[in-house]
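Per-entry structural report
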There are 2 protein chains.
Amino acid sequence: MKRTERIGIIVKTLTDSPGKLYPLHYFCELFDVAKSSISEDLSLADSSIRSTGTGYIETISGAKGGVRFMSSITAEAVEALQAEFCERLRDSSRILGGGFLYTSDLMFDTALVSKLASIFARKFRDSGADYVATVETKGIPLATMVAHQLDLPLVIIRREAKVSEGSTVSINYFSGSYDRVQKMSISKRAVVPGSKALVIDDFMRGGGSTKGISDILAEFDVSVVGVGIAIVSLEPEKKRLTDYTAVLYLGDVDEENHTIQVFPNEHIF
Amino acid sequence: MKRTERIGIIVKTLTDSPGKLYPLHYFCELFDVAKSSISEDLSLADSSIRSTGTGYIETISGAKGGVRFMSSITAEAVEALQAEFCERLRDSSRILGGGFLYTSDLMFDTALVSKLASIFARKFRDSGADYVATVETKGIPLATMVAHQLDLPLVIIRREAKVSEGSTVSINYFSGSYDRVQKMSISKRAVVPGSKALVIDDFMRGGGSTKGISDILAEFDVSVVGVGIAIVSLEPEKKRLTDYTAVLYLGDVDEENHTIQVFPNEHIF
C-alpha cells in the first residue's frame, strides 16, 4: 500500500472517532510497515488536518500512549461561522411573539450544529469533563455532537421521570422564560457520583434552566466544569449563573419593526 | 503542496460534510493544481476511504456536479457492530421491571450511535427523503447522526406543544408500551407539505409511537419513505406498521432468571 493511501486511511480512521486513542502498532499491523514509516505518515496526516483548520493529531507518549484526533476550529472559521449564524438568526420571520424566536431549523441543522460543537470541543477539551449534559429537547443535537467530538458519554436530563429511566431524582426550578416552576429529572444510573460534567444547551435567558441542570447534577455530587450555550439573551443582565460561554448574544427583539439584534461573542477563547 | 497532504485534506474536507457536493474546481483552486491531478487525488482518496469500509466518494457529473462523501458500512462491520450491541444489551442489570430495559447509556453513547447511524445511512441513501424525523427523546442522538450522514434536516416531534415552536399541529395516539393515550406535536414550520421523511427511533414495541409519527406527518401531506429503529421488540408480533428496519430484535426479558434475549437482524439490506 502506498503512502498516499495510508494517509487517507489514517485521516479517516482517526477523525471518525475524535478523542479515541489508537496505539501506533494498530497502524503498523494494519499496513504491515515499520513504526518509523507510521510516524512519518502521522506527521503528514497531522499537517493535512491542520491545514483544514478543523483539528489536529495529538501524540500521547508512554506505554498506554498512542495517537488521537482532536477536533478544533480556527479563529477565522469561528468568525465566519458566527457571521453565518447571526445572519440566519436575524431573519425577522423567526419572531413568534412574547419575545420568543423560532430557532428549531438552526438547532436541527446538523451541518451548522457540528461546527458549533467544534467551538465547544476546542473551548472545553481540557476541562476534565466526564460527561456532556443537557436538558431535553432543543439542545440535544448540539450536545450529541459535542459529546462525539470530545469522546464523552451524553447525559440527557428529562422534563418528566420516565419508566425507562429506572429510579430517578427530580428537582423543581423556576423558569423565567416560561414564568413558572418547571421540573427536571435524571436517572440514578446516568452519572457516577463525584464526576464532572460539561453543560451544553441551545439557549439561555435568565439561566434558570441551566442552573437547574447544575442543581440536579449536584444531587449526585457531580460538578459542572464548563457551560456552553449557542445563544444567550442579553436580557436579563443578571443571570442565575455567571460562568458560561455563548456563541452569539441575542439583543433586542422588536416585534413592531421586525428586527432582531444579534451579536457574536468575541471573547470565546 | 504534495499529493500526500492533498489526499489528507480531501478526505477530511469531504468526510466532515457527508453528502455535501464539492465542485472539482473547489479543490483545483484550493491546491492550485490542474483538474487532472485532482481527479487522480480523488481516486486515491476514494480508495483510502473504501478500504476503511466506512463509505466512498461519489462523482456526480454535469455542470452542477462534483464529488461528495457517502457514509456507508460493510456487511462485516454491521455484523461486528450487531454483536457488540447485542452483548451490551444482554446485560441483565438493564432489567427495570414491567418489561422495560434501561438503554439510555447505549442510546447516548455517540461512538455506538454514529456507527448505528451509518447502517441507516447506507440503507436509506436512495430513499429520496427530505427530512429525518423522530419523536423526542431517546432516539434524538441517533436521528441527529443519521441526518448528518445523509445531509438532511432533522425534524423533532415534541410530546407537548411549546411556545418556541410557533403554531403546531397535535395528534393523540395509543401507546401500547405505556398503555395510555399519548400526544405528539409538530411545528407548522418544521416541514414543507408534500415532502418525504425518513423516520428514525431508538425502540419500537407495538409501533404505536412510530405510527403516530407517520400520522402526524400525514397531516402535512408528508409521506414516510423509510423507518429505521435500533431495537424492535419481537412481541407483540402484530405491529401497527409493517415496513421497518431493525438493527436488533429484542426477545424474551425474563425478570426471574435475569436473562434478556437479543437477536441481530440478518436481513437489513
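These figures come from a predicted structure and were not determined experimentally.

**So, the nonpolar core**
In terms of nonpolar packing, the biggest core is built from 84 residues, with A:Phe85 and B:Phe85 touching the most fellow members. When residues no more than four places from it in sequence are discounted, the contact partners of A:Phe85 are A:Leu106, A:Met107, A:Leu112, A:Leu116, A:Ala230, A:Ile231, A:Val247 and A:Leu248. A:Leu24, A:Leu42, B:Phe31 and B:Ile49 belong to the second largest nonpolar core, which has 35 residues in total.

**A short note on the packing of aromatic side chains**
All names here are of chain A. Summed over all chains, the structure comprises 11 aromatic pairs over all chains. Grouping aromatic residues by their ring pairs yields a cluster made of Tyr-22, Tyr-26, Phe-27 and Phe-31. Positioned over the ring face of Phe-269 is Arg-122, at 3.7 Å from the centre of the ring.

**What to know about the environment of A:Val199**
Residues and elements named next belong to chain A. Mapping Val-199 onto the fold places it in strand S9 (residues 196-204). When the C-alpha positions of Val-199 and Val-135 are compared, they lie 8.9 Å apart, and in sequence the two are 64 residues distant. Look past the residues within four positions of Val-199 in its chain and what remains in contact with it is Ala-133, Thr-210, Ile-213, Leu-217, Val-224, Gly-226, Val-227 and Gly-228.

**Concerning the domain arrangement of chain A**
Residues and elements named next belong to chain A. Under the domain assignment used here, chain A contains domain 1 (3-71) and domain 2 (75-264). A straight line from the C-alpha centre of domain 1 to that of domain 2 covers 33 Å. Counting residues at the interface gives seven residues for domain 1, matched by seven residues for domain 2. Counting the surface lost from both domain 1 and domain 2, the interface buries some 550 Å², and carbon and sulfur atoms represent 49% of this. Looking at the side of domain 1 facing domain 2, the largest losses of area belong to Pro-18, Tyr-56 and Ser-71, adding up to 70% of the total buried there. Our count for the domain 1 to domain 2 interface comes out at two residue pairs in polar contact (both at pLDDT 80 or more). Its residues placed into classes, the side of domain 1 that touches domain 2 shows three nonpolar, two polar and two charged.

**Notes on the sheet that holds strand S10 (residues 223-233) of chain A**
Residue and element names in this part refer to chain A. Taken in spatial order, the six strands make up an open sheet running S6-S5-S9-S10-S11-S12, and their pairing is mixed. Each end of this open sheet is capped by a strand with a single partner; those strands are strand S6 (154-157) and strand S12 (259-264). Pairwise comparison of adjacent strand axes, ignoring direction, gives a mean angle of 25° for this sheet. Both strand S5 (residues 131-135) and S6 contribute to a ladder of four bridges, which runs parallel. Paired with Thr-134 across the two strands is Ile-156, which belongs to S6. With respect to the sheet, helix H8 (residues 208-218) is in contact with S5, S6, S9 and S10, its orientation differing from that of S9 by roughly 160°.

**Structural notes on the UniProt feature "domain: Phosphoribosyltransferase" (unreviewed entry) in chain A**
The positions UniProt marks with the feature "domain: Phosphoribosyltransferase" (unreviewed entry) are residues 113-247 of chain A. With 24% helix and 36% strand, the stretch residues 113-247 of chain A has end C-alpha atoms that lie 12 Å from each other.

**Considerations on unusual backbone geometry**
The phi torsion of most residues other than glycine is negative, and most of the peptide bonds are trans. Here the bond from A:Glu136 into A:Thr137 is cis, since omega is 15°, no more than 30 degrees from zero. Looking at where A:Thr137 falls in the secondary structure, it is placed in the loop between S5 and helix H7 (140-150). One non-glycine residue with positive phi stands out, namely A:His258, at about 55°. The backbone of B:Asp151 shows a phi angle near 55°, a positive value even though the residue is not glycine. Relative to the helices and strands, B:Asp151 resides in the loop between helix H7 (140-150) and strand S6 (154-157).

**Notes on the UniProt feature "domain: Bacterial purine repressor N-terminal" (unreviewed entry) in chain A**
Here, the residues flagged by UniProt with the feature "domain: Bacterial purine repressor N-terminal" (unreviewed entry) are residues 2-70 of chain A. Secondary structure content for residues 2-70 of chain A is 58% helix and 16% strand, while the C-alpha to C-alpha distance between its ends is 25 Å.

**What to know about the sheet that holds strand S10 (residues 223-233) of chain B**
Remark on secondary structure: sheet strands pair via backbone hydrogen bonds, oriented parallel or antiparallel. Residues and elements named next belong to chain B. An order of S6-S5-S9-S10-S11-S12 is seen for the six strands of this open sheet, with the pairing classed as mixed. Two strands bound the open sheet, and with one partner strand each, they are S6 and strand S12 (259-264). On average, adjacent strands in this sheet sit at an angle of 25° to one another, irrespective of strand direction. Relative to the sheet, helix H6 (residues 110-123) contacts strand S9 (196-204), S10 and strand S11 (245-254), its axis offset from that of S11 by approximately 130°.

**Side note on the relation of the copies chain A and chain B**
Each copy of the sequence occupies a distinct position, and chain A is placed on chain B by a rotation of 180° and an axial shift of 0.0 Å, giving an RMSD of 0.0 Å. Both copies of the chain, as the preceding transformation shows, are related through a two-fold rotation axis. The residues that chain A uses at the interface reappear at the interface of chain B in 100% of cases, marking a shared surface.

**A word on the side chain of B:Ser187**
Residue and element names in this part refer to chain B. Locating Ser-187 in the fold gives a position in strand S8 (residues 180-187). Assessed through its relative accessible area of 2%, Ser-187 is described here as buried. Looking at Ser-187, its side chain comes within polar contact range of the main-chain oxygen of Glu-165, at 2.7 Å.

**Quick look at the interface of chain A and chain B**
Facing 54 residues of chain A, the contacting portion of chain B comprises 54 residues. Here chain A meets chain B over a buried area of about 4,500 Å², counting both sides, of which 62% is carbon and sulfur. Counting the surface chain A buries against chain B, the share from its top three residues, A:Lys12, A:Tyr102 and A:Arg189, is 14%. On inspection of chain A and its partner chain B, the count reaches zero salt bridges. Across the chain A-chain B interface, the total number found is 14 residue pairs in polar contact (both at pLDDT 80 or more). Elements represented by at least two residues in the side of chain A that touches chain B include exactly helix H1 (3-16), helix H3 (35-52), strand S3 (95-97), strand S4 (100-101), helix H6 (110-123), H7 and S6 of chain A.

**Topic: H8(A)**
Regarding H8(A), the residues found buried are A:Gly208, A:Ser209, A:Thr210, A:Gly212, A:Ile213, A:Ile216 and A:Leu217. In this structure, the buried side of H8(A) is in contact with S5, S6, strand S7 (168-175), strand S8 (180-187), S9 and S10 of chain A.

**Some words on the pattern of salt bridges**
Oppositely charged side chains are able to pair whenever their charged atoms sit close together. Under the defined criterion, the tally for this structure stands at 24 salt bridges over all chains. Here B:Asp41 makes a salt bridge to B:Arg3, at a shortest N to O gap of 2.5 Å. Of this pair, B:Asp41 sits in helix H3 (residues 35-52) while B:Arg3 sits in helix H1 (residues 3-16), and the two are 38 residues apart along the sequence. Through salt bridges with shared partners, one network takes in A:Arg3, A:Arg6, A:Glu40 and A:Asp41.

Cut-offs applied
Residues numbered from 1 in each chain as written. Chains lettered and ligands numbered in written order. Predicted model: local features only at pLDDT ≥ 70, side-chain atom pairs only at ≥ 80, totals over all residues. Heavy atoms only, no water. Core = buried A, V, L, I, M, F, W, Y, C linked by side-chain atoms within 4.5 Å. Buried < 20%, exposed > 50% of the residue type's maximum accessible area, 1.4 Å probe, protein only. Contact = heavy atoms within 4.5 Å. Phe/Tyr/Trp six-rings, centres within 6.5 Å; stacked < 30°, edge-to-face > 60°. Lys NZ or Arg CZ within 6 Å of the ring centre and 35° of its normal. Helix = DSSP H or I, 4+ residues; strand = E, 2+ residues; numbered from the N terminus. Domains from an automatic or database assignment. Buried area = accessible area lost by both parts, 1.4 Å probe. Polar contact = N/O pair within 3.5 Å; in protein donor to acceptor, adjacent residues only side chain to side chain. Nonpolar A, V, L, I, M, F, W, Y, C, P; charged D, E, K, R; others polar. Pairing = 2+ DSSP bridges. Axes fitted to C-alpha atoms, helices over the stretch in contact; angles between N-to-C directions. UniProt positions renumbered as here; feature names shortened; annotations may be inferred. Least-squares fit on C-alpha atoms with pLDDT ≥ 70 in both. Salt bridge = Lys/Arg side-chain N within 4 Å of Asp/Glu carboxyl O.

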